[in-house]
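Here is how the chains run, residue by residue.
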Amino acid sequence: MVYKINSLEDSAVPGDGKITYRECALALAVTTPYAIPANRPRYCLFEVAGAIILQSPAPITQPHIYIAGQSSPGGVEFRLGANYNPVDSLIDTRAGGNHMILRYVRTRLGEHPDRISNNGDPIRLNDTSDQIIDHVSTMFGTDESLNPNCRNCTIQWSIIGPNMCINAGHTSSVHCKTFFINPGNNITVAHNISQHGQFRGINLGLGIKQRVAGTFGQADVFNNVTYHFTDETGSLSDQNGSAYVNYIANVAFRGPNDKPVSNFFPAIFARDTVDAYGFNVYMKDNVTQRTRVFGAFGQIVSDAQQASVWFPTADDLAKTCGVNALGVADCTIKGYDVIQTSFYAAAPGITALQFEPWHITGPEQAMRDALAFAGADLCRDGPCRDNVDEMYIEDIRTCDRAPYLFDTSFPGTAAQAGGYAQIMPTGGSLQDTDNDGMPDSWEVRFRNTNPNVWDANEDADGDGYPNIEEYLNFLARDDLRYAGFIGSGLGALPAYNCGRAMF
Ligand SMILES: [Ca+2]
Ligand SMILES: [Ca+2]
Ligand SMILES: [Ca+2]
Ligand SMILES: [Ca+2]
């Protein structure tokens, strides 16, 4: 089904002529302006641009949904409404809401000091599987800005954080924790920017929530950028199972206030006392506050990759074991020896790389690409990176030059963090005679589809992608991006470690 969202309102009346985000998210029936039956796989397209302000939860429990922000003439931004009480997430899959694709939207929650809640996540994946988050700008969370609990999921090309950190509505007066995967398995985290926080730059607690012996999880973490985490750029724990992680060619740079004490990429927490979990951590080409790579950012030296890792307590170091082919701790491998620089870490059942090798660049180009392309940067009528993302990208590009963003304190309000997007619509809806989501002009231009026949679900060229996804992927320029896009980012980069001393 294709919901052509024609109203920014947060309403759900089947016959009012308005098709809303809530109706698409909840898979509700619509009768006018055209009929959509309830509880079906669906595409959420946007004929409007601007803020969608949610006044109550809109949980995605019906599986198979593609939320396509790239169809909007100018872009959409999800925000927390003043009547949303108790506060919960904005975009949220749960209770069977598997198979979501979320692309090219902004999710900026904002402060809610009048409604204390520990659930203020702009995006939460709540024990769901098969999820793609691509080119999303997710910020201003009061719990995390991105909080996935998912299996078989990809988080890529997104801008994550900052949170609303100070007296913003969390039970803690200071809660500045950006990105936490807890738990997860078979996850790719690539080409993202995670920025400006105290804790949880990229934190991983792999496995499953209801922990049992032999539980494990894998994550591939490559070509990401983190900037300005004062206390914890990343962590990896065994709180949910054995961890297989590949950290490849990431860039983690200091901000103005970063403290060296606990700030590693990652800190390894071995707190399991029952289930004999272990670690296999492959690290290659990561440029961090403590590691340099020959040839990247003008470096003439390479540091041992193990130098970026830390064990918070002597107990963590002592309890950290390797892991065998069954996912069970192997304590013949101990401590720093779980960090290895030779072999791709593959969880039981994983027999091949979980990525295309050419999708990974060196760290310097990875930073250039993320700065050039991350976030909700495309709309129906062309590039549309908003004022908020522009500000943060510029801040990273110049991060070795004052004035520094959040030099003295992290933000407590959206206003202190650059405000919301100022979205200007670039046009109205396009003629789409058959209401299949593909405009007449596109259907005529490419001739594989018929502008007078509802043929969104057909696959005219037989490549496995239905026609409507051909249209949406065309808007997202996928044809360019996955051949000649990775590695093509241009623009200025800061000096190594933003010009600040190594920890
Ligand atoms: Ca309606
Ligand atoms: Ca059409
Ligand atoms: Ca058609
Ligand atoms: Ca096709």
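Residue numbers restart at each chain and count upward from 1, following the sequence in its written direction. Labels are handed out in written order, letters beginning with A for the chains and numbers beginning with 1 for the ligands. Local features in this predicted model are restricted to residues whose pLDDT is 70 or higher, and side-chain atom pairs enter the listing and the counts only when it is 80 or higher, whereas totals over whole chains, interfaces and linings include all residues.

Novice: Looking at this model, I keep getting lost on the overall build of the protein. Mind explaining?
Specialist: Each helix is a run of H or I in the DSSP string that is no shorter than four residues. Each strand is a run of E no shorter than two, and both are numbered from the N terminus. Regarding its fold elements, the protein presents seven helices and 28 strands. Whereas a compact globule of 503 residues would reach a radius of gyration of roughly 23 Å, the protein reaches 22 Å, a difference of no more than 12%. By principal-axis analysis of the C-alpha atoms, the protein measures approximately 65 × 50 × 45 Å. Here the protein, with 503 residues, has 55% of them falling under the buried criterion. Here, residue contact means that the backbone-derived C-beta atoms of the two residues sit within 7 Å. Look at the contacts in the protein between residues 6 or more apart in sequence, and 70% of them connect residues 24 or more apart. The atom set for the radius of gyration is the C-alpha atoms, and the globule formula is 2.2 Å times the number of residues raised to the power 0.38. Three classes are used. A residue is buried when 20 or more other C-beta atoms lie within 10 Å of its own, exposed when 12 or fewer do, and partly exposed in between, with C-beta atoms placed from the backbone.

Novice: Would you mind showing me how to read the nonpolar core here?
Specialist: One recurring pattern in soluble globular proteins is that nonpolar side chains are buried together. By convention in this section, buried Ala, Val, Leu, Ile, Met, Phe, Trp, Tyr and Cys residues joined through C-beta atoms within 7 Å make up a nonpolar core. Formed by 133 residues in total, the largest nonpolar core has its most connected members in Tyr3, Ile5, Cys44, Val245 and Val281. Among the elements that make up this core, the one with the highest residue count is strand 20 (residues 242-248) (five residues). Setting aside anything within four residues of it in sequence, one finds Val281 in contact with Leu236, Val245, Tyr247, Val338, Ile339 and Ala345.

Novice: I would appreciate a short explanation of helix 3 (residues 363-373) in the present structure.
Specialist: The α-helix advances 3.6 residues per turn, and as a result positions three or four apart in sequence lie on the same side. For helix 3, the buried fraction is high: eight of the eleven residues fall into the buried class. Along helix 3, the residues classified as buried are Pro363, Glu364, Ala366, Met367, Arg368, Asp369, Ala370 and Leu371. The elements touched by buried residues of helix 3 are strand 15 (193-197), strand 18 (225-229), strand 21 (251-253) and helix 4 (387-397). With its phi angle positive at about 90°, Gly375 sits one or two positions after the end of helix 3.

Novice: What exactly am I supposed to notice about the environment of Tyr21 here?
Specialist: Tracing the chain through its elements places Tyr21 in helix 1 (residues 21-25). On the basis of neighbour count, Tyr21 is assigned to the buried category, with 26 C-beta atoms found within 10 Å. Tyr21 has contacts with Ile5, Cys44 and Ile52, leaving out every residue within four places of it along the chain.

Novice: Got a minute to help me understand the sheet that holds strand 13 (residues 180-181) in this structure?
Specialist: For sheets, the rule is that strands pair by backbone hydrogen bonds, running either parallel or antiparallel. When DSSP finds two or more bridges between a pair of strands, those strands are recorded as paired. In space, the four strands of this open sheet follow the order 13-16-19-22, with parallel pairing throughout. On the outer flanks of this sheet lie strand 13 and strand 22 (267-269), each paired with one strand and no other. Where strand 13 and strand 16 (residues 202-205) come together, two bridges link them in parallel fashion. Looking across to strand 16, one finds that Ile181 is bridged to Leu204.

Novice: Got a minute to help me understand unusual backbone geometry in this structure?
Specialist: Most of the time, phi is negative for any residue but glycine, and the peptide bond is trans. The step from Asn85 to Pro86 runs through a cis peptide bond, and the omega angle for that step is 0°. Positionally, Pro86 belongs in the loop between strand 5 (76-80) and strand 6 (91-94). Asn182 connects to Pro183 through a cis peptide bond whose omega is -15°. For Pro183, the position within the fold is in the loop between strand 13 and strand 14 (184-190). A positive phi angle is found at His99, which is not glycine, with a value near 60°. Residues other than glycine seldom take positive phi values, yet Arg200 does so here, at roughly 60°. Tracing the sequence through the fold places Arg200 in the loop between strand 15 and strand 16.

Novice: Hey, could you run me through the sheet that holds strand 3 (residues 50-54) in this one?
Specialist: The strand order across the open sheet built from eight strands is 3-5-8-10-12-15-18-21, with neighbouring strands paired in parallel fashion. Whereas interior strands pair on both sides, the edge strands pair on one side only; in this sheet they are strand 3 and strand 21. Strands in contact with helix 3 are strand 15, strand 18 and strand 21; relative to strand 21, the strand with the most contacts, it is inclined by about 80°. In this description, a line fitted to the C-alpha atoms serves as the axis of each element, helices being fitted only across the stretch in contact, and the angle between N-to-C directions of two axes falls anywhere from 0 to 180 degrees.

Novice: Looking at this structure, I do not really get helix 6 (residues 467-475). What am I missing?
Specialist: A large share of helix 6 lies buried, amounting to seven of its nine residues. If you check which residues of helix 6 are buried, you get Asn467, Ile468, Glu469, Glu470, Tyr471, Leu472 and Leu475. Where the residues of helix 6 are buried, they touch strand 1 (2-5), strand 2 (42-46), strand 4 (65-68), strand 27 (378-379) and helix 5 (440-446). In the segment just after helix 6, Arg477 is the residue with positive phi, at about 60°.

Novice: Please clarify how the environment of Tyr247 should be interpreted in this entry.
Specialist: With respect to the secondary-structure elements, Tyr247 resides in strand 20. Spatially, the C-alpha atoms of Tyr247 and Ala219 are 8.5 Å apart, while their sequence positions differ by 28 residues. If near-sequence neighbours (up to four positions away) are discounted, Tyr247 is found in contact with Val221, Val281, Met283 and Asn286.

Just distances and angles here, no functional claims.
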